[in-house]
Each structure stands twice: as C-alpha cells, then as structure tokens.
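Coordinate inspection notes
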Amino acid sequence: MYNDTFLKACRGETTEYTPIWIMRQAGRYQPEYRKIREKYTLVEICKHPEVCSQVTLLPVQQFNVDAAIIFSDIMVPLDAMGISFEIKENIGPVIKNPIKSRHDIDKIHTFEPDIINYTGTAISMLRKELTVPLIGFCGAPFTLASYLIEGGPSKNFIKTKTMMYSNPDDWHLLLRKLSDGMFSYLKYQVAAGAQALQVFDSWIGNLTPDDYTTYILPHTQHLFTEIKTLNVPVIHFGFNASHLLELLQQAGGDVIGIDWKTDISQARQRLGNTISLQGNLDPVLLFAPQNIIEQKTKNILDSIPQKGHIFNLGHGILPNTDVVKVKELVEFVHQYKRKS
C-alpha cells in the first residue's frame, strides 16, 4: 500500500499522523552501510545505480520512515558542469581547480545530464520498489559557490566573501550559472521519478540578512521560481539560518526546514500558516536516554499544529548514532499523534 503522508504534509493537507524522515538517513551509523563502504567509496556508490538503490532503501526498510531520499551528494551535479572534485574522508568535498577569476567561471558549462545518468537510473529503479515518496535534492547556489571558491570546506569563507564584495559581477554570474545548473539537475531528477525535492543551503547562516538580500536572494528566488514549473513539493533548508527565516520563505519553497537551534513554534509564528515546516530535533539527542528523546520529541510535536508539519532532525544524523534509537524515534512520532 502506497503511503503519501509526507507529500500531504508538504502541501499543508491534513494527515493521520506526523510524517517523519531523517536527513542523512542512509549513512555511516548503519552497519549495513559501513559494510558496503568497505567495497565502495561514497562517489562510487552514487555511480552504481544498484548499490545506490540498495543504500537508499535501507532506512525505509529498517525504520518505516515516510520518505526516501536518493543517496547522493550535493557535489555530484557539478561533474556535469565541468567541475572536478573529490570527496576526502573526514574532510569533505575538495575542488581540484578552485575558482579564482572570471576565466574560471566562464569554463563552467551548462548541466549535461548524460554525464551523471547513473542518478536518473537509480531514481527510476527506486520508484519501482518504494511505497513511500522519493526525494531528490541539490545544493543551493551559495553553498556550492563557497566550495568552488574556497576549494573545500571553510570556517570563515574569506575567499567567498571577498569575491562577493569585491567582484559582484563575477559573483552574480557564478551564482546564476549555479542556479540554472541546479534547476536543470532537479528537473532531470523529477523526470526520472523524484516526487519531491530539497534544496540544501548548508552554509547560508554565515551571511547577514542584508548580504543575503543583496547577493543571494535574486538567485534563490530564480531557482525556486523555476522549480515551481516542475509541480512537485520542494523543501528549502538553511542551516544556522534562524536570522534568515523570512528571507528563505521569500526566496521560495513549499516547506521550510528548521534547524534545531530555532524554536519551531516561533518559526511557525514568524512564517505564518501558509507554509509547511520540517524539523527539528537536535541530532545529538539521539545519544540521550530514551525518556529524554521522547520528552524532547513530544515538546516539538506539541508546540505546533500537526497539519503542515514534517518531523525531522534539525540537521543530518550523526555517525555512531544507535540504530535502535532511530527506530524508536520513528515509532514514537508515528504513534504519538495517532494517540492524541
């Protein structure tokens, strides 16, 4: 039997219970995933549709979550735009030729789906097996630009902000290329079978509201305006972005993802009732005793109406998380609203 509770919540419709999925729900905390990683790197998993499908299905089969998300990485579509990278263990994405000039930006070409056709193949395979919706995703323009300019992860984003402030023409050209490329990538995923989308802006919290408005908002608005034509729900998630919530809503999305540092009831008051919310348990709480997890979860569930709420962690699940705690969390969320 097909379960569309997640999609109903995205659209703000009434649901029988609060749906739940978990960011990074397929990953290092699972023994089965670690076993697969003994044979394949993360990128190799993405490039082998059968293995990608297997990894994507694991949390759905183990925990009965209400949505699957294609196992991939936000850097994957950049390969289809002429950008070379590798993902180093315990470091993250490393760009082989970081952007330093207009010439480097000019070398970025339009998205070519055939280069990463393995993603579409995996999505098509998954749709034949799944009884819950499948989420596709991409990185937001700012987060991707920060990797491309810094050459990898950064604490202070000095190079990124220097380009943003000193060379605004180059900056806007780069972000327009990235927003166009990510729309093409999301369109490709929907054509392959993705039923919802999430845009991750992992590093956007490092900007002020004024800088977001000036340097980012036109590009995220452009991206979300284009996504609307795909007719699938889209989640807009910004990390450390409590000070930007209204601007994220202005940029677009059917659902705003809330990190754990933001009170979700206050987010509901600030954003109103016309948009759905996703979140927002602290991922570290899954290391706490079960009674504490249940109390904190109950606090979130009680703090906002069930309608238009998708339960999730406030960021990705952490390595070494106990899979039993994950299973118990999903069961508690499902049962709690049914009882009440």
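Below is a summary of the structure that appears in this document. (Residues numbered from 1 in each chain as written. Predicted model: local features only at pLDDT ≥ 70, side-chain atom pairs only at ≥ 80, totals over all residues. Heavy atoms only, no water.)

A few points about the overall build of the protein chain
Looking only at helices and strands, the protein chain features 14 helices and nine strands. For the protein chain, whose C-alpha radius of gyration is 19 Å, the value lies close to the compact-globule estimate of 20 Å for 340 residues. Dimensions of the protein chain, computed from the C-alpha atoms along their principal axes, are close to 60 × 45 × 35 Å. Counting every position in the protein chain, which comprises 340 residues, the buried fraction comes to 59%. Partitioning the contacts of the protein chain with sequence separation of at least 6, the portion at a separation of at least 24 is 74%. Approximately 14400 Å² of the protein chain is accessible, and the part contributed by carbon and sulfur atoms is 49%. Computed over 34 positive and 35 negative side-chain charges, the separation of the two mean positions in the protein chain equals 2 Å. (Helix = DSSP H or I, 4+ residues; strand = E, 2+ residues; numbered from the N terminus. Rg over C-alpha atoms; globule rule 2.2 N^0.38 Å. Buried < 20%, exposed > 50% of the residue type's maximum accessible area, 1.4 Å probe, protein only. Contact = heavy atoms within 4.5 Å. Areas by Shrake-Rupley, 256 points an atom, 1.4 Å probe, with all protein chains shown as cover. Lys, Arg positive; Asp, Glu negative; His and termini not counted. Charge placed at Lys NZ, Arg CZ, Asp CG, Glu CD.)

Let's talk about the sheet that holds strand β5 (residues 196-201)
Paired through backbone hydrogen bonds, the strands of a sheet run either parallel or antiparallel to each other. Overall, parallel pairing links the seven strands, which are arranged β1-β4-β5-β6-β7-β8-β9 in an open sheet. Each edge of the sheet is formed by a strand with only one pairing partner; in this case those strands are β1 (68-69) and β9 (309-310). Bridging between β5 and strand β6 (residues 234-238) involves five bridges; their strand directions are parallel. In the strand pairing of β6, Asp201 is matched with Gly238. The sheet contacts of helix α9 (residues 168-192) involve β4 (134-139) and β5, and relative to β4 the element is tilted by about 165°. (Pairing = 2+ DSSP bridges. Axes fitted to C-alpha atoms, helices over the stretch in contact; angles between N-to-C directions.)

Notes on the pattern of salt bridges
As enumerated under the stated definition, the model contains eleven salt bridges in all. In this structure, Arg102 engages Asp106 in a salt bridge whose closest nitrogen and oxygen atoms are separated by 3.6 Å. Pair noted here: Arg102 and Asp106 are both in helix α5 (residues 102-106), with a separation of four residues, about one helical turn. Owing to a relative accessible area of 38%, Arg102 belongs among the partly exposed residues under this scheme. Taking the relative accessible area as the measure of exposure, Asp106 reaches 46% and is therefore partly exposed. Note that Glu331 is salt-bridged to Lys327, the shortest N-O span being 3.6 Å. Placement of the pair is Glu331 and Lys327 together in helix α14 (residues 323-339), with a separation of four residues, close to one helical turn. Through salt bridges with shared partners, a single network forms among Arg102, Asp106 and Asp170. (Salt bridge = Lys/Arg side-chain N within 4 Å of Asp/Glu carboxyl O.)

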